[in-house]
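# Architecture at a glance
Each chain is listed here by its residues.
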Amino acid sequence: MSENGQDSKIIELPISITVRELAVVLEASPIDVIKNLMANGVMANINQEIDYDTAAIVSAEMGFEPIPEQVEEEKPEEIGEIPLWRQKLAEEDLEELAQRAPVITMLGHVDHGKTSLLDVIRHTSVASGEAGGITQHIGAYQTVHDGRAITFLDTPGHAAFTAMRARGAQGADIVILVVAADAGVMPQTKEAISHARAAQVPMIVALNKIDKDNAVPEQVKQQLAEEGLVPDDWDGDTIVVPLSATEKEGIEDILEAILLVADDMDILANPQGEVFGTVIEAKVSKRQGVMATLLVQNGTLKKGDTVLANLSYGRIKAMFDFRGQSIEEAGPSVPVSVMGLNEVPKAGDAFEVVENDKEARRIVEERELAAERKVAEEKGTLTLEQLFARVQTGEVQELRLVIKADVQGSLEPIVASLENLKSDGEQEIGVKIIHTGIGRVTENDIMLALTSGAIVIGFNIGPDNIAKRMAETEGISIRKYKIIYHLIEDIQKALRGMLEPVKKKILIGRAEVLAVFPSGKYDQVAGCRIQKGEVRRNAQIRVMRDETMVYEGDISSLKHHKEDVTEVRTGFECGIGLRDFSDFEVGDNLESFVIEEVTEF
């Protein structure tokens, strides 16, 4: 029976199901399902897969009786944070949602060919025949392959990508990891992998420069496998596309791979719904004023709309596509450059369309006041000592670290030691290493820590000046160590603090019932002798009879020689009355215990 007294409707659930599919099965709004998940401690977006147990809990709470469907078991996806625009998308009518173009960004080590690959895709795939080619660079463009549009974000690498995610944007649907076949996995490659994983975005590897004489593609694939990206031709799940940007080889293959991955992701939007999206980049032009590149992620943006992006707002006076051509409107996944904002927004700011400038000003004033209050309340950086409070409120589920060391010989034992640290017991709270590297702490390290809620560890190394200033501004803790033992000890202390206290029953005394006396107030009380420890008035009692517990609860009366007392120790006699229990028998054993919150490690 459901809570309202009606018979529960029986539904079959697979071993894993997306939030969107579950909403359809439950005939409910996706946002109601997401709210129910959040209430149960699970963060998932509309396209996220959840396991059967989680879906069953939600279904039961929404009045259904779930039963398992006999299907082949699949591994559920890791649950991550919900970007702001995905939260908004969850509120859209499912029937109005339609496929939109996938949004791609390219990450990788410097000089591995990101820019060259972007250029060759742009010039060979963008609608040909235009005199002069691209007339205006706006940081994003669209191409067409097999009749389907693909949007590329032409950003300066993972710093910009992570800056977007730091503001809850996560503008890209798929990451193309560009790796040179003659150089292999480099420090920035590993950094890019860390950023993509932190953002929960699928990766396709573009194995570039295969035309070089010194190219070693199989060796590079081995390096990728060691980073957890096992190539598909090695029976892994990472698509690796060999190509040459300079020779224009493999371009069709990479575009085909993008569409293949996109088809598995169910990338959706409502062209007729609420208009919102992400700021890609912005600048001030002497002739045109503030020019902002916006990526529309839902709805249709039109010339004349009033746009609000954090604290920037204004009515769109003109709108241009990536070719520099004036347009009147732009739908989902379309990048546009707009004129009319009153100030320059930041890359990664979420934007929305509001009714008018007056409404925009009102919202901006509220946000400014909220920001001032937040600054006043949140002084200082996130430290190991402060993590315990965040766990208590459910904000932190694991200790996330970005680790930099002076040499590889130092880094390896640190990582090996930390990876073995985790709590015992049910909660299994432990260390999650977001990124490691050799050399000074950089701006990218701070940005990654900011987006991941991590603490930066420097071993025999410190931050450069830019990273130091950024850490101070953003409130990121950088802890420096010279002795590995001290580092490990501090992390152990942090893990102990991060554990939610576990309530345990601590036995403090035992008594034997020698006689039972009538009592007008308590029906019957037990005359006892304390055999071990003590019995306290504010403790609880467990009544044991022939090794079976017959009662557990509070003490209502504790007397010694007819006087009320707070405790009675070993060897003394006393009278004990219990709340809601009086069926004592001579020979019963009374166990006195207290409930304490203890932290297990």
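Residues numbered from 1 in each chain as written. Predicted model: local features only at pLDDT ≥ 70, side-chain atom pairs only at ≥ 80, totals over all residues. Heavy atoms only, no water.

### Digging into the nonpolar core
Of all hydrophobic cores here, the largest spans 28 residues; its most connected members are Leu 117, Ile 121, Phe 152, Ile 176, Ile 204, Ile 254 and Ile 258. Broken down by secondary-structure element, the contributors of at least two residues to this core are strand 6 (103-108), helix 5 (114-125), strand 8 (148-153), strand 9 (174-180), strand 10 (203-208) and helix 9 (251-265). Here the element with the most residues in this core is helix 9; it accounts for eight residues. Within the second largest apolar cluster, 23 residues are counted, among which are Ala 23, Ala 55, Ala 56 and Leu 268. (Core = buried A, V, L, I, M, F, W, Y, C linked by side-chain atoms within 4.5 Å. Buried < 20%, exposed > 50% of the residue type's maximum accessible area, 1.4 Å probe, protein only. Helix = DSSP H or I, 4+ residues; strand = E, 2+ residues; numbered from the N terminus.)

### As for the state of the cysteines
Each disulfide is one covalent bond, formed between the sulfur atoms of two cysteines. The full count for this structure, using the stated rule, is zero disulfides. Here Cys 528 stays free of any disulfide, with the sulfur of Cys 574 as its closest cysteine sulfur at 5.3 Å. (Disulfide = S-S within 2.5 Å.)

### Quick look at the confidence of the model for the protein chain
Taken as a whole, the protein chain shows an average pLDDT of 79; of its residues, 80% reach a score of 70 or greater. Ranking the helices and strands of the protein chain by mean pLDDT puts strand 15 (residues 301-302) first, with 96, and helix 11 (residues 387-392) last, with 50. Counted against residues more than four places away or in other chains, residues 70-81, with its pLDDT under 50, gives 24 contacts. The model gives residues 125-136 a pLDDT under 50, and that stretch makes 23 contacts with residues more than four places away or in other chains. (pLDDT = per-residue confidence, 0-100. Contact = heavy atoms within 4.5 Å.)

### As for the sheet that holds strand 11 (residues 240-242)
Sheet architecture is open: six strands sit in the order 7-8-6-9-10-11, paired in mixed fashion. Of all strands in the sheet, those with a lone pairing partner are strand 7 (140-145) and strand 11, marking the two edges. Direction aside, neighbouring strands of the sheet carry axes that sit 30° apart on average. The pairing of strand 6 with strand 8 spans three bridges and is classified as parallel. Within strand 8, the position partnered with Thr 105 by the bridge is Leu 153. Strand contacts of helix 7 (residues 187-198): strand 6, strand 9 and strand 10, with the helix running at about 170° to strand 9, the strand carrying the most contacts. Each of strand 6, strand 7, strand 8, strand 9, strand 10 and strand 11 is contacted by helix 9, which is oriented at about 100° to strand 8, the strand it contacts most. (Pairing = 2+ DSSP bridges. Axes fitted to C-alpha atoms, helices over the stretch in contact; angles between N-to-C directions.)

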